[in-house]
Protein chains: 4
Amino acid sequence: MKKLITGGLITTATDMYEADILIENGKIVQIGKNLAADGAEIVDATGQYVMPGGIDPHTHLDMPFNNTVTDDDWESGTIAAAFGGTTTILDFCLSAGEEKLTTAVDKWHEKAKGKSAIDYGFHLMISDLTPETETELPLLLEREGITSVKVFMAYAKEFQATDRTLFKAFKIAKDMNAVVMVHCENGSVIDELVEEAKQAGQTAPIYHALTRPAELEGEATKRAIELAHIAGAKLYVVHVTCKEALDEIISAREKGYDVYGETCPPYLTLDQSALAQPGFEGAKYVWSPPLRPKYHQEHLWNALKAKQLQTIGSDQCSFSFNGKKQLGLHDFSKIPNGGPFIEDRFSILYSEGVAKGRISIHDFVDMISTSAAKIFGLYPQKGTIAVGSDADIVIFDPTVKREISAETHHMNVDYNAYEGWEVTGEPISVLVRGEYVIKNKQFVGVVGSGKYIKRALKVKPKTAETINA
Amino acid sequence: MKKLITGGLITTATDMYEADILIENGKIVQIGKNLAADGAEIVDATGQYVMPGGIDPHTHLDMPFNNTVTDDDWESGTIAAAFGGTTTILDFCLSAGEEKLTTAVDKWHEKAKGKSAIDYGFHLMISDLTPETETELPLLLEREGITSVKVFMAYAKEFQATDRTLFKAFKIAKDMNAVVMVHCENGSVIDELVEEAKQAGQTAPIYHALTRPAELEGEATKRAIELAHIAGAKLYVVHVTCKEALDEIISAREKGYDVYGETCPPYLTLDQSALAQPGFEGAKYVWSPPLRPKYHQEHLWNALKAKQLQTIGSDQCSFSFNGKKQLGLHDFSKIPNGGPFIEDRFSILYSEGVAKGRISIHDFVDMISTSAAKIFGLYPQKGTIAVGSDADIVIFDPTVKREISAETHHMNVDYNAYEGWEVTGEPISVLVRGEYVIKNKQFVGVVGSGKYIKRALKVKPKTAETINA
Amino acid sequence: MKKLITGGLITTATDMYEADILIENGKIVQIGKNLAADGAEIVDATGQYVMPGGIDPHTHLDMPFNNTVTDDDWESGTIAAAFGGTTTILDFCLSAGEEKLTTAVDKWHEKAKGKSAIDYGFHLMISDLTPETETELPLLLEREGITSVKVFMAYAKEFQATDRTLFKAFKIAKDMNAVVMVHCENGSVIDELVEEAKQAGQTAPIYHALTRPAELEGEATKRAIELAHIAGAKLYVVHVTCKEALDEIISAREKGYDVYGETCPPYLTLDQSALAQPGFEGAKYVWSPPLRPKYHQEHLWNALKAKQLQTIGSDQCSFSFNGKKQLGLHDFSKIPNGGPFIEDRFSILYSEGVAKGRISIHDFVDMISTSAAKIFGLYPQKGTIAVGSDADIVIFDPTVKREISAETHHMNVDYNAYEGWEVTGEPISVLVRGEYVIKNKQFVGVVGSGKYIKRALKVKPKTAETINA
Amino acid sequence: MKKLITGGLITTATDMYEADILIENGKIVQIGKNLAADGAEIVDATGQYVMPGGIDPHTHLDMPFNNTVTDDDWESGTIAAAFGGTTTILDFCLSAGEEKLTTAVDKWHEKAKGKSAIDYGFHLMISDLTPETETELPLLLEREGITSVKVFMAYAKEFQATDRTLFKAFKIAKDMNAVVMVHCENGSVIDELVEEAKQAGQTAPIYHALTRPAELEGEATKRAIELAHIAGAKLYVVHVTCKEALDEIISAREKGYDVYGETCPPYLTLDQSALAQPGFEGAKYVWSPPLRPKYHQEHLWNALKAKQLQTIGSDQCSFSFNGKKQLGLHDFSKIPNGGPFIEDRFSILYSEGVAKGRISIHDFVDMISTSAAKIFGLYPQKGTIAVGSDADIVIFDPTVKREISAETHHMNVDYNAYEGWEVTGEPISVLVRGEYVIKNKQFVGVVGSGKYIKRALKVKPKTAETINA
Ligand SMILES: [Zn+2]
Ligand SMILES: [Zn+2]
Ligand SMILES: [Zn+2]
Ligand SMILES: [Zn+2]
Ligand SMILES: [Zn+2]
Ligand SMILES: [Zn+2]
Ligand SMILES: [Zn+2]
Ligand SMILES: [Zn+2]
């Protein structure tokens, strides 16, 4: 019932200090020097970082896509996440134009129920807004405690919303104090470019990247920014990949706009040349937006350092190379879009970011956990180590070296985009609400024990008036 | 010996939660729910914010300037600071070209000793670097625990360094891992403009602003940025006032440069029209850089919100209107430059920033305390509320309304630039290292009890290797 | 048959010098000092500028719009143009989704035939590209000598093309070496904003401006720029009104993109407050994009001075206040969009631009004539004063003062947006292909004598190889 | 006495047309179709471009530098210039702090007299402004018809002016309507970097580039821009080499500042790797600012295309490799700065610019001749082909291929930085004031026949009032 974490170096988005943590009923109740055990189970964290559990704001588990489905469902996906130091995920609940939004949310609850090993919530995706769904949407957000709506400007044939729908979504979100997450690429033009390429007989994976130029991400990002601004809504740009999009985000923030940006490990560390590998190997690196030429990485790291991007999503969306990716063997446009990153998000950012001196450890915690908690209304229940918060905790050894490999990873997919990479630092034990999910690098959690988290975006910070009330 | 702060809402740069704080020997030793008093003196903070004490990184106490001296010395200045929620100041130790730097530091210790009611440190100002002072500087920084050097690009006749000296300062700072603080205005051209104005018979206070155009701040800021970057040094731009300078800082940070920016309450809230008041009233608003046209304020607030500026300094430098400011009655260039802000820095930023919804409460704490602690090497001893840190604490009532007035303020100066302004929120009690300095809005501290703080800038964040060592 | 213009100051986009001009068969055949008359009719231009005739690249004559039609047709419109120093216009030939493009062009020939008093050409507007029109378009451009296609991103219900159509238009234009002219505003979002305003009971003319924010022009401009760039096509942004759009154009040109920008007299000289006048007066100033807050004007003038905008269009599209504008008396969205500027384009730019020192006289000639000739393939037949060119000439008295008024103007519309403005400089005589159209401020031309000009965009400048060939 | 140029394609900054040119008394008196020879000497230009003679606004002939002197004096230099299509040069008259400015100008007249084969003028360089020279300067400019002052922000030990002197120069120039040309690099910091490099034993030519980073050019450019703007003066930035400087110029022009920029052939075509060649070969490429990494070239070409840079200077300053450059064999800082470009400026820009499609032929003429004429007050006497102008004419064959080589060039220097480059296009014949200097690629001019040109900057374009007067 009680646990005492001793000897670790507590590390938050602001602080780093040595102290013990007392946990009761899944909550942190005390932090101090040499706390008395008093019957609590001791968790020895000597010489290790004690961090808030990672929050992954961008996952696609058990997601249908183009006549196939991702290989990781809510069981394998959340177990892998836990191994990687993630204790909460926010997954995209996809809706389709014709069905009620409630139906979509019900379906998503169904997928997660009994399977999730960690806590979770949903973003609600909208592709069209009819008079019916316009009425339904606010009620559903309220009922389900959903504070984030997702809109696609890409995938012309599948998910893409019109500017009109996007703008309406911003207006509803503004009224609800929700945030709108947008996939920013101009899908209509991409569609034309893909057609052109196919007519020119260009079938290899690299054409996936070449038919989705960075300029179209920059364009769509600018469009989303201005529409959100006019509607008075908060915008969260998912998976920013390039200088073109960054420039728009930075310039908007400079003007005081409420714009947040997320990037993902592969954009920080891999580049477009991965798609140009001989044979069909490049298919392993096909997702959207695509990997970019290498020079973009530096811009992304700088933006993280300068706090112009706030969060790191995995954009987990795994399709095995054999079987699924190979659907596009003769036509790059048939390669299912997505990659497996839910497990290594935390490690890659720590190893490439903190260990290499590009970002501070505090910025790391902020990006991997705290910012997402605040933007999406999980805070202060999640996203920090503080008295009163859920005891979602990662005990992280910053010295250990680990080689990433599909042989050893826990995702249900037959390759890893980082195969053979050595990373510095590894989560040793992971607790969700005070219970071990990972203990000494072993999964000891309970499938299905993850809780759905209802969220609420408060308009303003708590003030003394409200405390006193 | 022990204190227990109960019932407050602990508020840091990241977190906000209700908990008690146990203090022993001036340090925070425990934070938790319903901590046992166990003989500790109870500090009831029910319904109030419990914040880290303010750190003012930019003060000039007992400072000679143009044949006069500031009206606040280390006694009146630090008492006023304490009333305003500030528990540590970093004051500029001025050196002169001809003397040894050690002499300057000794003189500054002399000024503070027996007078300071709160903790303090020094930035060391350099106007020239001779072979002697180039040798002396690193040793002195080491010995005195000084991690910050100040260089002026303005005040052509008094303090201005050449580009060569500025560049050398950056190189030494780089080797010492110190930060260089720069007053960025092109003093040589300002001097010419002042001469021009005087020859044209322009004597009124407004000409102080008109002879120091924002373009010259932008120019100098760009120059400092590039010189620091080439030298590999960290730059801290003091008192940023205008879009021109901001643009350079934002653009540098976008490129990954190690540039920090500070602004000050008056630039956020007052404007150039204050200098154009009838008669000599404008002299109360003469400091450098000058107040700017009103539209700059929005840019500064946006930059704070987007974390492109990191800190708020008071630039306290008080000269009474009667007597001192009036030295410039017939010649604006003889008005002593400076204003009294050490007391209201905290309140103004809270009231205009947080209460008006321009910045979050966490950003507020960061800007008023935590960031300065980190940039100048006071952290983790100062700048946060965490186990192990000094119990420098402000108990702040965010609901109270207070009218600012020279009648009631505690600075030793006969006017207040905010005379008649109503602010929301006020520090009720202030503790330094666990001892009351202000208790229920009364000064109960001990003059001379403030400690000089030696600082050390660590090259990298502490890692597990170093913990284990 | 022959004319000799004597004593004038010949003024081109580059040069200014005193010389005589000999005209034969409508062409300039000789320029020199003291040319022999030799039977030619003498045109005395002593003390006056002799400039190339104005080319107005943006007119809407006899254009249907929302159940009404513009008040100026090809007779009144071209006569007014001639009075204003314009000798060639390029009018927008509107097509509708359902009909063949040829039908549209035929209809436009019909409108102009027998009526135009000056030379003319057509831009071909496209709202949709079906497989049929995709095939038809290149052939039609070739046959008709049309080098410019127009696409609307606004007017959601009438003309707006999808991004897909816009992109296809760019691709076809690229292959044909044509230029694509784009009206850049996000029509879908404007439509939503208009609906919102109407639902809020906002009916006055000012809501026309308020529902079309500058951000939506900036957004669409960026979108058009990137789509053109990816397609490899030349883009001409019509009627640029605001800093938001300018920033995109400047940034694109800085990257070497082939982007041209046009602005119009009202955006340089009038502002949004005109729509906010009491009563329904503001309706006179309703066109799209709308007039902007005044500070945009300075940005536009600066862009002209720095050659970042190249041309001045009138966007002539006249609707009388009584009768037509009043269709929107109770609903701003029913006010026909457009204003009468074909006559005063030249004078306004000269008077506000050259006479007030904002642009040079050479830049003026370039913007009012030469640049449009080059961009749209009229050059060297039109757009300059050089041996071999058409003798389209304006004799301009730069000293005369004239008051603009609906009482005296020659457009068939009951108001003038510049009513009561005094302008400096006035065309005294105007020749088209060597024949007077205006002589001593009187119309002496022949209705219907204007010629349709077939154009051809050459890929490269003529080289010696081609001369020798 | 009279010449008739027949059959050519007259090409100006605006126009291109086939016509004959009649020349009398060194002036163009008539341009027309099939002009009567009437006793004039026929110059057959069939199939060739007939362009205005090149104006080189940036040369250093017979210039002392660091105990040596350039190898080309006014005889060899101007003959080489003529071969390269240049008919007027503007050379920098260097002054020294201690001497009267008149003395400097007298000395420069002495150097040129009896030697110059083409027309010329002087820019007057200022390194210090004492009360004496402040008084002398305006009078001297007036007397000598000099409209351009040069100030160095670099060469700390030789020429560098303080910010104060630079600002004063701007103020005087403003009153005189002169333009100030500035060499923008931060000389003080460069000096420090050079010292550092030398202390580190870095002696090779590449360290010349590495000790003069582009950031220091950007910094100084910004500084010059703001100082000029505050003074209200026109600024001409000489030899712009990099994106850093360009960004400042573009941004200033966007704000309406009167800023012009010049670049030089090597910055457009050669790059920093030239200095890193094995052995001492790199010394041939040592000049200031240095060659930059290759990616800067694209930015410079784009800026030319977008008219953000206006002119091309040669920055001719030749030092033979054997003897002179070798002074720096063991110390890069002793290599005389400069290269031989006066002869190939025209060809390189034509071949790399026009023939390769980067700029239009009209832009070429503007940059190589017309713009410089206008900026420096030579227009309309020089810089165009128009009735009344001097018959300074280049007959240029755009089809011929030529290999550049020190073996065949006419400069008095033992190497050519473009050795072995093939260029397209070559001046065949060159006339100055109607007299052949080059005829069929042979020098037929008269040494010493070049005239000193007094210049006058007019405040405003000529208006009808002034014509009539
Ligand atoms: Zn996506
Ligand atoms: Zn995704
Ligand atoms: Zn200062
Ligand atoms: Zn200060
Ligand atoms: Zn339009
Ligand atoms: Zn139009
Ligand atoms: Zn130079
Ligand atoms: Zn030079």
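The numbering scheme is per chain: residues are counted from 1 as the chain's sequence reads. All chains are assigned letters beginning with A, and all ligands numbers beginning with 1, in the order in which they are written. Where local features are concerned, this predicted model is filtered to residues with pLDDT of at least 70; where side-chain atom pairs are given and counted, the filter is 80 or more; whole-chain, interface and lining totals use all residues. Excluded from the side-chain calculation are hydrogens and water; included are all heavy atoms of the structure.

With that settled, the discussion passes to the overall build of chain A. Comment: elements are numbered from the N terminus, with helices defined as DSSP H or I runs of at least four residues and strands as E runs of at least two. Looking only at helices and strands, one finds 13 helices and 21 strands in chain A. Its C-alpha atoms give chain A a radius of gyration of 21 Å, near enough to 23 Å, the size a compact globule of 469 residues would have. With the principal axes as the frame, chain A shows a C-alpha extent of 70 × 55 × 40 Å. Note on classification: 1.4 Å probe, protein chains only; a residue is buried when its accessible area is under 20% of the maximum for its type, exposed when over 50%, partly exposed between these limits. Looking at chain A residue by residue over its 469 residues, the buried ones come to 69%. By definition, residues are in contact when any of their heavy atoms lie within 4.5 Å. Pairs at least 24 apart in sequence give 76% of the contacts found in chain A among residues at least 6 apart. For accessible areas, the Shrake-Rupley method is used with a probe of radius 1.4 Å. Any residue's cover is judged against the shown protein chains and nothing else. Only carbon and sulfur atoms are counted for the fraction: they give 49% of the accessible area of chain A, which is about 14800 Å². Neither His nor the chain ends contribute to the count of charged residues, in which Lys and Arg are positive and Asp and Glu negative. By convention, the charge on Lys lies at NZ, on Arg at CZ, on Asp at CG and on Glu at CD. Positive and negative charge centroids in chain A, built from 48 and 64 side chains respectively, lie 4 Å apart. Here the globule rule reads 2.2 Å times residues to the power 0.38, and the radius of gyration is calculated from C-alpha atoms.

On to the sheet that holds strand E5 (residues 27-32) of chain B. Paired strands, as defined in this entry, are two strands with at least two bridges between them according to DSSP. Spatially, the eight strands line up as an open sheet ordered E6(A)-E1(A)-E4(A)-E5(A)-E5(B)-E4(B)-E1(B)-E6(B), and their pairing is mixed. Of all strands in the sheet, those with a lone pairing partner are strand E6 (41-44) of chain A together with strand E6 (41-44) of chain B, marking the two edges. Taking each pair of neighbouring strands and ignoring which way they run, the sheet shows an average axis angle of 20°. Of the strand pairs in this sheet, strand E1 (residues 2-6) of chain B and E6(B) are connected by four bridges, and their pairing is parallel. Residue B:Ile5 lies in a different strand from E6(B), and its bridge partner there is B:Val43. To obtain an axis, a line is fitted to C-alpha atoms, over the contacting stretch when the element is a helix, and the angle between two such axes runs from 0 to 180 degrees between their N-to-C directions.

As a further point, take the coordination of the zinc ion (ligand 2). All names here are of chain A. Here the zinc ion (ligand 2) is held by His58 (NE2), His60 (NE2) and Asp315 (OD), and the distances to it run 2.1 to 2.2 Å. Sequence spacing among the residues donating to the zinc ion (ligand 2) works out to H-x1-H-x254-D. Coordinating donors are taken to be N, O and S atoms lying within 2.8 Å of the metal, or within 3.2 Å when the metal is Na, K or Ca; because water is excluded from the atom set, some sites may appear incomplete. Separating the zinc ion (ligand 2) from the zinc ion (ligand 1) is a gap of 3.5 Å. Of this pair, His58 sits in strand E8 (residues 54-59) while Asp315 sits in the loop between strand E17 (311-312) and helix H11 (345-354), placing them 257 residues apart in sequence. Across this residue pair, the class does not change: His58 and Asp315 are buried.

Another point: the UniProt feature "domain: Amidohydrolase-related" (unreviewed entry) in chain A. UniProt positions are given in the numbering used here, feature names are shortened, and annotations may be inferred rather than shown by experiment. UniProt marks residues 49-436 of chain A with the feature "domain: Amidohydrolase-related" (unreviewed entry), using the numbering shown here. The distance separating the terminal C-alpha atoms of residues 49-436 of chain A is 16 Å; by composition the span is 36% helix and 19% strand.

Turning our attention to the coordination of the zinc ion (ligand 8). Residues and elements named next belong to chain D. Listed as protein donors to the zinc ion (ligand 8) are His58 (NE2), His60 (NE2) and Asp315 (OD); their distances from the metal cover 2.0 to 2.3 Å. Sequence spacing among the residues donating to the zinc ion (ligand 8) works out to H-x1-H-x254-D. Taken as a pair, the zinc ion (ligand 8) and the zinc ion (ligand 7) show a spacing of 3.5 Å.

All names here are of chain C. Looking at the element boundaries, Thr68 is found in strand E10 (residues 68-69). With a relative accessible area of 14%, Thr68 lands in the buried category. When residues no more than four places from it in sequence are discounted, the contact partners of Thr68 are Met63, Phe319, Lys324, Leu327 and Pro336.

The subject of this paragraph is the relation of the copies chain B and chain D. The copies are overlaid by a least-squares fit using only the C-alpha atoms of residues whose pLDDT is at least 70 in both copies. Each copy superposes on the other: chain B lies on chain D with an RMSD of 0.0 Å after a rotation of 180° and an axial shift of 0.0 Å. This pairing of chains is accounted for by a two-fold axis. A shared binding surface is used by both copies, with 100% of the interface residues of chain B retained as interface residues in chain D.

Between chain B and chain D, the residue contacts involve 26 residues of the former and 26 residues of the latter. Put simply, buried area is how much 1.4 Å-probe accessible surface two parts lose in total, over both of them, once they are put together. Between chain B and chain D the total buried area reaches about 2200 Å² when both faces are included, carbon and sulfur atoms providing 62% of it. Counting the surface chain B buries against chain D, the share from its top three residues, B:Arg164, B:Glu192 and B:Ile230, is 25%. What counts as a salt bridge is simple: a side-chain nitrogen of Lys or Arg found within 4 Å of a carboxyl oxygen of Asp or Glu. Linking chain B with chain D are twelve salt bridges, by the criterion used here. D:Glu219 is the salt-bridge partner of B:Arg223, the closest N and O atoms lying 3.5 Å from each other. Whenever a nitrogen or oxygen atom comes within 3.5 Å of another N or O atom, the pair is scored as a polar contact, on the condition that within protein one atom can donate a hydrogen and the other can accept it, and that pairs from neighbouring residues in sequence are kept only if both atoms are in side chains. At the junction of chain B with chain D, the criterion picks out ten residue pairs in polar contact (both at pLDDT 80 or more). At the level of secondary structure, the elements contributing two or more residues to the side of chain B that touches chain D comprise helix H4 (163-176), helix H5 (187-199) and helix H7 (214-231) of chain B. Tallying contributions element by element places H7(B) first for the side of chain B that touches chain D, with ten residues. For the side of chain B that touches chain D, the per-class residue count stands at nine nonpolar, four polar and 13 charged. Ten residues, namely Ala, Val, Leu, Ile, Met, Phe, Trp, Tyr, Cys and Pro, are considered nonpolar, four, namely Asp, Glu, Lys and Arg, are considered charged, and the remaining ones, Gly among them, are considered polar.

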